[in-house]
Amino acid sequence: MASNENLVFRLDSCNTTYAFKVNSTGHLEHLYYGKKLNENTSFDVLSLKQTNPIGYGISYSENNNNLFFDNLSFEISTSGKGDFRTPAVDIDYNSGLRTLDFVYTEHKEISGKPQLDSGLAQSYSVDSDASTLIVELKDKILPIYIHLYYTVFYKSDVISRCTVLENRTKSSITIKSLASMQIDFADSDWNLVSFDGAWARERNINRRKVQEGKTVISSNLGITGHNHSSLFSIERPDCTEQNGECYSFSLVYSGNFENIIEKTPYGMLRVLSGINHETFDWKLEEGELFIVPEAVMTYSSEGTNKASLNLHHFTNNHIIRGIWKRKERPITFNTWEAVHFDYDEKRILELAKNAKNTGIELFVIDDGWFANRDNDRQSLGDWFVNTKKFPSGLAGISSKIHRMGLSFGLWVEPEMISRRSMLFGEHPDWAVVIPEREPSVGRNQMILDLTRQEIRDYIVSSMSRVFTEGSVDYVKWDMNRAFSDIASLKTVTNGMFLHRYIQGLYDIMDKLTKAFPEVLFEGSAAGGGRFDLGMLCYMNQIWTSDNTDVLARTAIQEGTSYGFSLNTMINHVTTSPNLQTLRISDIESRFNVACFGVLGYQLDLSSMSLTRQNIIKNQIEFYKKNRALFQFGSFYRLPKTHGLSDRTQWAISDQDANNIIVLDFQRETIANPGHEILRIPFADSSAVYEISSRIQSSDTLSIKETETEQYRVSGDILANAGIPLNSSFSGTECNEGTRVIGDFGSRLYIIKKVNKN
Ligand code: GLA
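Residues numbered from 1 in each chain as written. Predicted model: local features only at pLDDT ≥ 70, side-chain atom pairs only at ≥ 80, totals over all residues. Heavy atoms only, no water.

Asker: Just checking my understanding: could you explain helix α6 (residues 453–469) for this structure?
Answerer: Side chains three or four residues apart in an α-helix point the same way, a direct result of the helix having 3.6 residues per turn. Taking 1.5 Å of rise per residue, 17 residues should cover 24 Å, and α6 covers 24 Å from first to last C-alpha, within 8% of that figure. When α6 is considered as a whole, its buried residues turn out to be Ile455, Arg456, Tyr458, Ile459, Val460, Ser462, Met463, Val466 and Phe467. Where α6 is buried, its residues touch α4 (393–403), β24 (407–412), α5 (422–426), β27 (474–477), α7 (494–515) and β28 (520–523). (Helix = DSSP H or I, 4+ residues; strand = E, 2+ residues; numbered from the N terminus. Expected span 1.5 Å × (residues − 1). Buried < 20%, exposed > 50% of the residue type's maximum accessible area, 1.4 Å probe, protein only. Contact = heavy atoms within 4.5 Å.)

Next comes the structure, spelled out in structure tokens:
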């Protein structure tokens, strides 16, 4: 080992450096992850010093009496040698023996990002815009190998990690847990930010100080889930959106995950992320490999917003693929909240006609078009058009919609089976149930066993037939329940089932997205229950939440924006009172919030007045003009520099801050409110900007016909001080300049660079 001692690995992206070394005992010691360091910096000094023994500490060996694993930083940790933190690797290799000791053997560097044979979603590189370091470790005694992959995506400032475990022993071993990534920080003065909630309130931001002991954020639903996101951040306490240090992590995985954040007795911080070990137990036979899901990490010294921009760049360049990668997404009309299950061809065509008149481009028939699907108690699995609703079949309705000049899309939920279905009659053993137990159900349905090849084949062939018959341009792929009663007729053990399921799902999605490369695929799991980078390797975009309430959406979309770019987020304008909260809001405000991402509508256009339809028409016209910005611009959560009212301010900007659009959303009106400031920290300080508010129709809450605001301001003022906006209505008079925003009301400000100073 002596020849490798102090071998240092240094990984550089555009603005960050990551470093670790082989220490005197052959272990990989983590040295640094942060702001880019000078080229010739020596890392020696960064090794954590252990010059005194630790009372009650376990020394690595008699010969290494002053080496205490419990307060060192490692790249990958095991248990049994004195490190009492949660291990990254936990393997039962012989009837309960779990002490392993991995040391460096060799490494290599390759250009690009290798595609591993994991059956999992993974990121990709194009040409040589990434490079990969692979470090091999071996247990000191047994031929069990670990290959650590580090891929640097230079321009995104992202490093992705993957671990491959190889069993070269002569017997099987059991993986109890195997993290996708580990970082040991030398101190624990951090805030943890997680994105939590439940169905219809996904990814609300949850920021707190890291405390002693372990915080585990995980899913055991079988999918990423609504309750927690696999995305999380570690920030310095003084970190803001624009300043300070922040690390963000995300998994390229759609199954049960766990993120462990552990403040240690020595005041260090261990961060682990990977498959949830509680629902995992993997038998690795002699000669087999196990490849974990890829983990993604980024560092920003310029606040949390920059970390988000890094992840957005990474998602758009290394996750989303195919023809939709850079293509503007159409404006959708979706039938769900407009008519639910209550429709026939006549009603659909009427809606489509109205949709077309307003400028909508894609018409999607949501749930209810197949078999006897008149409610959510039946027919999942029977993917045949309901000819009572559509007498000329899928081909007929599709061609009628196409002839109107609209694209055509369908909702499907291929992973499911209803007890009341022909499919269940034919294949009762295809559902995930335990034969001798009454199965629990979610939304009256059961899940198909995707670990079985014949079931995967059925899904691929039935979906291919539907997509072909319907000449579909778009597919919404839904998944509306969590797992229960886990068992499989195939001999996969429980601990392997959920991961094998995800592999099966990815296999199906891979086949279908390759067979239908032109189709725009949208993922959904009762809204945003599967909003993760794994899904986005196949699905071009995701239905952000079943909750379309304007106020709830500001929280959901803001939380989602921490890790996911706006072109992946689908936002629809729906009716008022809102169907999830019964909240009443202004249709213009609903639009203003929905246009930060991919816009759509789900309301009954046919019963709407012409005036209302015209409001939508104007909204769509405005969105089309600015679509490239809303879908592919850089997204900023603006600093909270406003007066008394509780506001959300977002900005979307093109590359050189020439064109910016800002949302100014007000939670509730307060009387006599004080000043509101609009500040754009990233404005070009050498330019002059003109600012105007989008002309909105007067709606329920407005007491005057129109309201216009115009400002002209130099970029340095806009960036550093911000401009005070006109007064809001304050219970006195209301003149032309007064801003009348109302509860849950908002404005869009259009900000254009007019010239240089
Ligand atoms: C899920 C989706 C909704 C809608 C319904 C249809 O809840 O998230 O958007 O498609 O299913 O059943």
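Asker: Teacher, can you tell me more about unusual backbone geometry here?
Answerer: If a residue is not glycine, its phi is most likely negative; likewise, a peptide bond is most likely trans. Look at the link from serine 576 to proline 577: it is a cis peptide, with omega at 0°. Inspection of the secondary structure puts proline 577 in the loop between β30 (569–574) and α9 (587–594). In this structure, alanine 371 is a non-glycine residue whose phi angle is positive, near 40°. Residue placement: alanine 371 occurs in the loop between β23 (362–365) and α4. A positive phi is found at leucine 582, a non-glycine position, where the angle reads about 65°.

Asker: Can you help me understand the sheet that holds β28 in this one?
Answerer: Note on sheets: strands pair through backbone hydrogen bonds, and any given pair is parallel or antiparallel. With parallel pairing, 8 strands are arranged side by side around a closed barrel as β22-β23-β24-β27-β28-β29-β30-β31. Ignoring strand direction, the axes of neighbouring strands in this sheet form an average angle of 30°. Relative to β27, β24 is paired through 4 bridges, and the arrangement is parallel. If you follow leucine 410 over to β27, its bridge partner there is valine 475. Against the sheet, α7 contacts β27 and β28, and its axis sits at roughly 170° relative to β27. (Pairing = 2+ DSSP bridges. Axes fitted to C-alpha atoms, helices over the stretch in contact; angles between N-to-C directions.)

Asker: Looking at this model, I keep getting lost on α9. Mind explaining?
Answerer: Burial of α9 is extensive: 8 of the 8 residues sit out of reach of the surface. When we look at burial in α9, the residues that qualify are Ile587, Glu588, Ser589, Arg590, Phe591, Asn592, Val593 and Ala594. Capping the start of α9, aspartate 586 holds a side-chain oxygen 2.7 Å from the backbone nitrogen of glutamate 588, two or three residues further along. (Polar contact = N/O pair within 3.5 Å; in protein donor to acceptor, adjacent residues only side chain to side chain.)

Asker: Looking at this structure, how should I read the nonpolar core?
Answerer: Side chains of a nonpolar character, in soluble globular proteins, are inclined to be buried together. With 186 residues, the main nonpolar core has Phe363, Ile365, Trp369, Trp383, Phe467 and Tyr601 as its most contacted residues. When sequence neighbours within four positions are dropped, the list of residues in contact with phenylalanine 363 reads Phe333, Thr335, Ile348, Leu351, Ala352, Ala355, Ile401, Leu406, Ser407, Phe408 and Gly409. Membership of the second largest hydrophobic core comes to 22 residues, among which are Ala657, Leu678, Ile680 and Ala719. (Core = buried A, V, L, I, M, F, W, Y, C linked by side-chain atoms within 4.5 Å.)

Asker: Just to check I follow, could you spell out the pattern of salt bridges for this structure?
Answerer: In the structure shown here, the tally under the stated rule is 43 salt bridges. In this structure, arginine 236 and aspartate 187 form a salt bridge, with 2.8 Å as the shortest nitrogen-oxygen distance. With arginine 236 in the loop between β15 (228–235) and β16 (246–252) and aspartate 187 in the loop between β11 (173–185) and β12 (191–196), this residue pair connects regions lying 49 residues apart in the sequence. The residue arginine 694 makes a salt bridge to glutamate 588 at a minimum N-O spacing of 2.7 Å. Separated by 106 residues along the polypeptide, arginine 694 in the loop between β36 (687–693) and β37 (710–714) and glutamate 588 in helix α9 bring together distant segments of the chain. (Salt bridge = Lys/Arg side-chain N within 4 Å of Asp/Glu carboxyl O.)

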